[in-house]
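Survey of secondary and tertiary structure
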Amino acid sequence: MQLLNSWNEITLDQFIQLKSVEEDDFHSLLSFKMDQLFILTNTTIDDDLWNDIDTDKLQELFEEMSWLKVQPTLNFSRNVLKYHFKELNTITLGEFIDLEHLFNINYLLKLPEICAVLYRQNKPNHWGHILIEPRNYNESERAEEFMDVKITEVYGIIQAYLTFKKKFVDGFENLFVEPDDYNEE
């Protein structure tokens, strides 16, 4: 049995599995921890290795999982697979709306789709300017490509986007507030 020991070893797919498991969904803390353990060992309750495990070894494994209580690093890779991070100050209104939609659903579980919007292929044109791939690709297929990427390569884009959004909203605050009602004389 191979127990994954840090966020550096966790893929985006495993991260989503871990974040889909909430303690409140289980009747006991033991059930919750076991489900996390199954994800971290890529096993199921039906695997024979769990039949003979003693409580001391199980407790030891739970202690080794303590790193799950800390979030992954906020750093992220600007180049993942064959794609490059599209700088946030270059996103279009449509991309902003799509990102807002994904963030409002659940940005942890929708991280592959967020990556599909923010990571693009690019190439220099004949003047040396970088051309960014237009969004005419299949985004669900693109999102699927990110499932095997390590979470530490992309997790930081969440905070980067939230920081960008806050600066954007603060900078254009008057566009995002309702006008005061006033009575004309």
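A short tour of the structure in this document, coming up.

Conventions adopted
- Residues numbered from 1 in each chain as written.
- Predicted model: local features only at pLDDT ≥ 70, side-chain atom pairs only at ≥ 80, totals over all residues.
- Heavy atoms only, no water.
- Helix = DSSP H or I, 4+ residues; strand = E, 2+ residues; numbered from the N terminus.
- Rg over C-alpha atoms; globule rule 2.2 N^0.38 Å.
- Buried < 20%, exposed > 50% of the residue type's maximum accessible area, 1.4 Å probe, protein only.
- Contact = heavy atoms within 4.5 Å.
- Areas by Shrake-Rupley, 256 points an atom, 1.4 Å probe, with all protein chains shown as cover.
- Core = buried A, V, L, I, M, F, W, Y, C linked by side-chain atoms within 4.5 Å.

**Quick notes on the overall build of the protein chain**
When its secondary structure is counted, the protein chain shows eight helices and five strands. Overall, the protein chain shows an N-to-C arrangement of helices and strands of α-α-α-β-β-α-α-β-β-β-α-α-α. Here the C-alpha atoms of the protein chain give a radius of gyration of 21 Å, more than 25% beyond the 16 Å that 2.2 N^0.38 yields for 185 residues. Projected onto the principal axes, the alpha-carbon positions of the protein chain cover approximately 75 × 60 × 25 Å. Buried residues in the protein chain amount to 37% of all 185 residues. Long-range pairs, those at least 24 residues apart, make up 69% of the contacts in the protein chain with a sequence separation of at least 6. By element, 49% of the accessible surface of the protein chain is carried by carbon and sulfur atoms, the whole surface being about 12000 Å².

**Here we look at the nonpolar core**
Within the largest apolar cluster, 47 residues are counted, with the highest numbers of intra-cluster contacts made by Leu37, Leu40, Leu111, Tyr119, Ile151, Val154 and Ile157. Contributions of two or more residues to this core are made by helix H1 (12-20), helix H2 (29-41), helix H3 (55-64), strand S2 (83-85), helix H4 (93-106), helix H5 (111-118), helix H7 (151-154) and helix H8 (156-171). Not counting residues up to four positions away in its chain, the partners in contact with Leu111 are Leu12, Ile151, Val154, Tyr155, Ile157 and Ile158.

**Structural notes on the side chain of Thr11**
You can see Thr11 is positioned in the segment before H1. Once residues within four sequence positions are removed from consideration, Thr11 is found in contact with Met147, Asp148, Val149, Lys150 and Ile151.

Geometric descriptors of this kind do not, in isolation, establish any biological role.
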